[in-house]
Amino acid sequence: MRSSAAPSNVSSALAPTPPEATLRPVSLVPGADGPVEARLTVLSGPSGVGKDAVLAAVRRRHPDVWVSTSVTTRAPRPTETDGVEYHFVDRDRIAHLIESGELLEHAEYAGNLYGTPREPVLRRLAAGRPAFLVIELQGMRQVRKLLPDAQFVFLAPPSFEELERRLLGRGTEPEEIIRQRLDQARIELASEAEFDVTVVNDSVERAADELVTLIEHPVPRRRK
Ligand code: 5GP
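Criteria and cut-off values
Residues numbered from 1 in each chain as written. Predicted model: local features only at pLDDT ≥ 70, side-chain atom pairs only at ≥ 80, totals over all residues. Heavy atoms only, no water. Helix = DSSP H or I, 4+ residues; strand = E, 2+ residues; numbered from the N terminus. Buried < 20%, exposed > 50% of the residue type's maximum accessible area, 1.4 Å probe, protein only. Contact = heavy atoms within 4.5 Å. Areas by Shrake-Rupley, 256 points an atom, 1.4 Å probe, with all protein chains shown as cover. Axes fitted to C-alpha atoms, helices over the stretch in contact; angles between N-to-C directions. Left-handed = near helix turned anticlockwise from the far one by under 90°. Nonpolar A, V, L, I, M, F, W, Y, C, P; charged D, E, K, R; others polar. Near = heavy atom within 4 Å. Polar contact = N/O pair within 3.5 Å; in protein donor to acceptor, adjacent residues only side chain to side chain. Pairing = 2+ DSSP bridges. Salt bridge = Lys/Arg side-chain N within 4 Å of Asp/Glu carboxyl O. Phe/Tyr/Trp six-rings, centres within 6.5 Å; stacked < 30°, edge-to-face > 60°. Core = buried A, V, L, I, M, F, W, Y, C linked by side-chain atoms within 4.5 Å.

Novice: Describe the overall build of the protein chain, with residues and values.
Specialist: Along the protein chain, the regular secondary structure elements total eight helices and eight strands. Of all 224 residues assigned to the protein chain, the portion counted as buried reaches 49%. Sequence-distant contacts, at least 24 apart, represent 72% of the contacts inside the protein chain between residues at least 6 apart. Total accessible area computed for the protein chain in this model is approximately 10800 Å², and 54% of it derives from carbon and sulfur atoms.

Novice: Outline the packing of helix α2 (residues 51-61) against helix α8 (residues 204-216), listing residues and values.
Specialist: Where α2 meets α8, the axes come as close as 8 Å, and the angle between the chain directions of the two elements is 60°. Note that α2 runs across α8; the crossing there is right-handed. Across from Ala 53, Val 54, Ala 57, Val 58, Arg 60 and Arg 61 in α2, the residues of α8 making contact are Val 204, Glu 205, Ala 207, Ala 208, Asp 209, Leu 211, Val 212 and Ile 215. Here the contact of α2 with α8 is composed, by residue class, of ten nonpolar, no polar and four charged.

Novice: Tell me about the site of the ligand, and name the residues and values.
Specialist: Ser 70, Arg 74, Tyr 86, Tyr 114 and Glu 136 are the nearest of the 16 residues found near the ligand. Here an oxygen atom of the ligand sits 2.5 Å away from a polar atom, N or O, in the side chain of Arg 74. Note that a nitrogen atom of the ligand is positioned 2.7 Å from one of the side-chain N or O atoms of Glu 105. Protein contact buries 96% of the 510 Å² of open area that the ligand shows by itself. Of all the secondary structure elements, the ones that give two or more residues to the shell around the ligand are β4 (103-109) and β5 (112-117). Its residues placed into classes, the shell around the ligand shows six nonpolar, four polar and six charged.

Novice: Before we move on, can you summarise the environment of Val 58 with the specific residues and values?
Specialist: You can see Val 58 is positioned in helix α2. Sequence-wise, Val 58 and Val 204 are 146 residues apart; in three dimensions their C-alpha atoms are separated by 9.3 Å. In this structure Val 58 touches Val 65, Ala 208, Leu 211, Val 212 and Ile 215, once residues within four positions along its chain are discounted.

Novice: Describe the sheet that holds β5, with residues and values.
Specialist: Here four strands make up an open sheet; going across it, the order is β3-β2-β5-β4 and the pairing mixed. In the strand order of this sheet, the two ends are held by β3 (86-88) and β4, each with one partner. Averaged over all pairs of adjacent strands, the angle between strand axes in this sheet comes to 25°, irrespective of strand direction. Here strand β2 (residues 70-72) runs beside β3; their pairing, made up of three bridges, is parallel. Bridging across to β3, Thr 72 finds its partner in Phe 88. Across the sheet, helix α3 (residues 91-99) touches β2, β4 and β5, and the angle it forms with β4 is around 140°.

Novice: How would you explain the pattern of salt bridges if you had to name every residue and give the values?
Specialist: Evaluated as defined, the whole model comprises 13 salt bridges. Arg 60 is the salt-bridge partner of Glu 205, the closest N and O atoms lying 2.6 Å from each other. With Glu 205 in helix α8 and Arg 60 in helix α2, the pair connects residues that are 145 residues apart, well separated along the chain. Looking at Glu 205, the relative accessible area reads 34%, which means it is partly exposed.

Novice: So what about the packing of aromatic side chains? Which residues, and what values?
Specialist: On inspection of all chains with the given rule, the structure shows four aromatic pairs. Taken together, the ring pairs in this structure connect Tyr 86, Phe 88, Tyr 109 and Tyr 114 into an aromatic cluster.

Novice: If you had to explain the pairing of strand β6 (residues 131-134) to someone new, which residues and values would you point to?
Specialist: What you see with β6 is no split at all: Ala 131 and Leu 133 on one side and Phe 132 and Val 134 on the other are buried throughout. In this sheet, β6 lies alongside strand β1 (residues 40-44) in parallel orientation, the contact comprising four bridges. Following the sheet pairing, Val 42 is matched in β6 by Leu 133.

Novice: Before we move on, could you go through the nonpolar core and cite the residues and values that matter?
Specialist: Counting residues in each nonpolar core, the largest one holds 27 residues, and the members touching the most others are Val 54, Val 58, Phe 132, Val 153, Leu 211 and Leu 214. Elements that contribute at least two residues to this core include exactly α2, β6, β7 (151-156), α6 (160-170), α7 (175-189), β8 (197-200) and α8. Residue contributions to this core peak at six residues, all from α8. Beyond its immediate sequence surroundings of up to four residues, Leu 214 is in contact with Gln 151, Val 153, Val 197, Val 199 and Val 219. Listed in part, the 19 residues of the second largest apolar core include Leu 40, Ala 131, Ile 135 and Phe 152.

What follows is the structure in C-alpha cells.
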C-alpha cells in the first residue's frame, strides 16, 4: 500500500499544476511558536532496505500519513494493484508527463522509469498538511532543489550483507535485476551524508517509531 488517499485514476492525479508559486516551500503551521514548515518528508534508501514495510508500520500508528503514489514503467508484482502501490504506465506516458511538467521528479532505476505526480504533493503542502515521498536518490536530489525545506530521511540497512540477503530472499526479480539493484544500493549507501537524518531498519517497528518521531519533531538541517 503506497497511498492512503490514492486518486481514483491517473489523469485526476496528474491534473496540471499552476507554475512557480506553488513550488515555494512551504506553508506555516497555525499556532506554532515560530515558523514551522508543513513538512514534506522524503524517505530514500536502497532497494530492499524495507521502506514499504516501515511505511506500513508508520500508517498503523499515524493514520494521517499520506504517501505519494508514483508512476512507473515497471511491471506490477503479483501482489501489486494499479493505483495503489503505483500507477503502472508505459514509457510514452511518462515521457509525456515529463514534457508537460507534471512530475515533481523522475528517475530511471534498474531499467525502468519512476516519477512523482507533482500536483497531489503540492496540494497537500499548500494546505499545510504533511506528505511523504518514497523515492530513490536521483529523485531525492531533484526534490531537494525544488523544496529544500523538506526533511530528507535515509533508511539504512544494518549492513550491506543484510541488504543483499533481503534482496535475494525477496525472490521477486531475476538475478540480473538483483545485481543491478545491488550496484545501485552501493551508490545509494554512499549518499547518506546528503540526508538530514538516518534511520536504521534493524527492526521495522522500531524504525517506524523513529520515523513518526521525526515527522512530529523534524531534525535541524545537517547540510549547509
Ligand atoms: P521498486 O521497483 O522496488 O518498487 O522501486 C525501485 C526504486 O524506485 C525504489 O528505491 C523506490 O523507492 C524508487 N521509487 C519509487 N517510486 C519512485 C518515484 O516516483 N521516483 C523516484 N525517483 N524513485 C522512485
